[in-house]
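Structure assessment
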Amino acid sequence: MTSIGVFVAAAEDGSLSSAARRFGLSASMAGKHVSSIETDLGVRLMQRSTRKLHLTDVGQAYYARCKRILEEYEDANREAGDAQQSVQGVLRVAAPITFGAMHLGQVVARYMEQHPRVGVEVMLNDRYVDLLAEGIDVAIRVGRLLDSDLMARRLAPCRMVVCAAPSFLERHGVPRTIQDLRRAPRLAFSEAISSGDWTLSDPDGQAHVIDGPIRMAANNTQMLLAAALAGGGVTYGPSFVFGQAIAAGDLVALLPDHQPTALTIHAVYPTKRHVSLKLRSFVEHLIASFGGVPPWDRP
């Protein structure tokens, strides 16, 4: 691995001398490490000059592969070291307010029982949190992911539903068509950012947006749940909010032959490298807790 390490360091620093200092070698010995690779491969990887070296086209491709190999090697060493350590420290978790309040408490409690030396700080907020700026280890996000530079692990599907209370349906009738839904008073989440909000696909696959009057808007889906249960109107949202009320008969799913847009629940964190043991174990715990058919969708 030393020769590969010297080559990668020289490529990044543009200097064999600089690479040599990283490894405690002389400049000539660093050059011999790179030359031995070139001899084995039968290709020139670097063009050397008195002031700076440059990668050849083959060297550029070889550098990219070698860098990934070294990263995997470092990860393997870290994981082997982690195996001798206990899970400890403070884990800072961000999650949407309703999801966290309804489903995260028991999951976190079980995790802390398994790892008594870990403390957990949970911040519930429906705004997008900058993980690095706010010192968050991991965030749970529902729907569209905006941060392409974050690592994401899928936790569970997020099934959307359109529903209303039996008392509302007795007064206003059961909507049978898209037009019926568009005429019904709606209880809407005011901060939806994922594509497909209030969108249903009919049995032929054609998408329809429900854009009728909004009777009440709220930035919290638990409030929409309470209003729907009281017969205030038709609402749309994730089954992790409304599923249990539907299963209990307190709400009725509408247009069951139409499919709402499917979303996904992810755990996101800043990087796949140098992930702490407490973070890695927590993400795996989340996957085990919510994976497959999530608890709120189970019979």
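These figures come from a predicted structure and were not determined experimentally.

Scoring rules and cut-offs
Residues numbered from 1 in each chain as written. Predicted model: local features only at pLDDT ≥ 70, side-chain atom pairs only at ≥ 80, totals over all residues. Heavy atoms only, no water. Disulfide = S-S within 2.5 Å. Helix = DSSP H or I, 4+ residues; strand = E, 2+ residues; numbered from the N terminus. Contact = heavy atoms within 4.5 Å. Polar contact = N/O pair within 3.5 Å; in protein donor to acceptor, adjacent residues only side chain to side chain. 1 Å grid on protein atoms, 1.4 Å probe; cavity = no way out; pocket = protein on both sides within 12 Å on 5 of 7 lines; lining within 4 Å. Points joined across faces, edges and corners; volume = space filled by probe spheres on them. Nonpolar A, V, L, I, M, F, W, Y, C, P; charged D, E, K, R; others polar. Pairing = 2+ DSSP bridges. Buried < 20%, exposed > 50% of the residue type's maximum accessible area, 1.4 Å probe, protein only. Salt bridge = Lys/Arg side-chain N within 4 Å of Asp/Glu carboxyl O. Core = buried A, V, L, I, M, F, W, Y, C linked by side-chain atoms within 4.5 Å. Arc of directions from axis to C-beta. Axes fitted to C-alpha atoms, helices over the stretch in contact; angles between N-to-C directions.

Structural notes on the state of the cysteines
What is meant by a disulfide is a covalent connection between two cysteines, made through their sulfur atoms. Tallied over the full model, the rule gives 0 disulfides. Distance from the sulfur of Cys158, which forms no disulfide, to the nearest cysteine sulfur (Cys163) is 13 Å.

A closer look at the environment of Asp202
Checked against the element boundaries, Asp202 lands in the loop between strand 9 (199-201) and strand 10 (207-209). Expressed as a C-alpha distance, the spacing of Asp202 and Ile136, which sit 66 residues apart in the sequence, is 40 Å. Ignoring sequence-local partners within four residues, the contact set of Asp202 consists of His208, Asp257 and His258. At a separation of 2.9 Å, a polar atom in the side chain of Asp202 contacts the main-chain amide nitrogen of Asp204.

Observations regarding the layout of surface pockets
In this model, the second largest pocket occupies a volume close to 320 Å³. Together, 20 residues line the second largest pocket, and Arg159, Met160, Val161, Ala253 and Pro260 are the ones closest to its centre. Per-class residue counts for the lining of the second largest pocket are 13 nonpolar, 4 polar and 3 charged.

A word on the sheet that holds strand 9
To summarise the sheet geometry, strands pair through backbone hydrogen bonds and adopt either a parallel or an antiparallel arrangement. With respect to topology, 3 strands assemble into an open sheet ordered 10-9-14, the strand pairing being antiparallel. Each having just a single partner strand, strand 10 and strand 14 (259-260) make up the two edges of the open sheet. Pairing geometry for strand 9 and strand 14, over 2 bridges, is antiparallel. Within the sheet, the bridge partner assigned to Ser201 lies in strand 14 and is Gln259.

Some points on the side chain of Ser289
Within the fold, Ser289 resides in helix 11 (residues 277-290). Residue classification places Ser289 among the buried positions, given a relative accessible area of 12%. One polar contact links the side chain of Ser289 to the main-chain carbonyl oxygen of His285, over a distance of 2.8 Å. Excluding anything up to four places from it in sequence, Ser289 contacts Val107, Arg110, Pro295 and Arg298.

Brief notes about the environment of Arg127
By the secondary structure assignment, Arg127 is in the loop between strand 4 (118-124) and helix 6 (131-134). The spatial distance from the C-alpha of Arg127 to the C-alpha of Ile97 is 9.4 Å, given a sequence separation of 30 residues. For Arg127, the side chain forms a polar contact with the side chain of Glu134, separated by 3.1 Å.

Looking at the pattern of salt bridges
Tallied over the full model, the rule gives 10 salt bridges. Overlapping salt bridges, with partners in common, bring together Glu12, Asp13, Arg22 and Lys67 in one network.

Details of the nonpolar core
Among the nonpolar cores identified, the biggest contains 57 residues, and Val234, Ile265, Leu286 and Phe290 are the most heavily contacted of them. Excluding residues that lie within four positions of it along the chain, Leu286 makes contacts with Leu104, Val107, Ile140, Leu155, Ala267 and Gly291. With 19 residues, the next largest nonpolar core counts Ala9, Ala20, Ile37 and Leu45 among its residues.

Notes on helix 9 (residues 221-229)
Of the residues making up helix 9, those classed as buried are Thr221, Leu224, Leu225, Ala227 and Ala228. Taken end-on, helix 9 shows its buried residues confined to a sector of 165°, consistent with a single buried face. Buried residues in helix 9 make contact with helix 5 (97-114), strand 8 (186-189), strand 11 (214-218), strand 12 (234-238) and helix 10 (239-247). Taking the backbone nitrogen of Gln222 as reference, a side-chain oxygen 2.9 Å away marks Asn220 as the first, capping residue of helix 9. Backbone geometry just after helix 9 places Gly231 at a positive phi near 85°.

A word on the sheet that holds strand 7 (residues 160-164)
Pairing in this open sheet of 5 strands is mixed, and the strands run 11-8-12-7-13 from one edge to the other. Edge positions in the sheet fall to strand 11 and strand 13 (252-253), since each of these pairs with one other strand and no more. Against the sheet, helix 9 contacts strand 8, strand 11 and strand 12, and its axis sits at roughly 170° relative to strand 8. Against the sheet, helix 10 touches strand 7, strand 12 and strand 13, its axis set at about 120° to strand 12.

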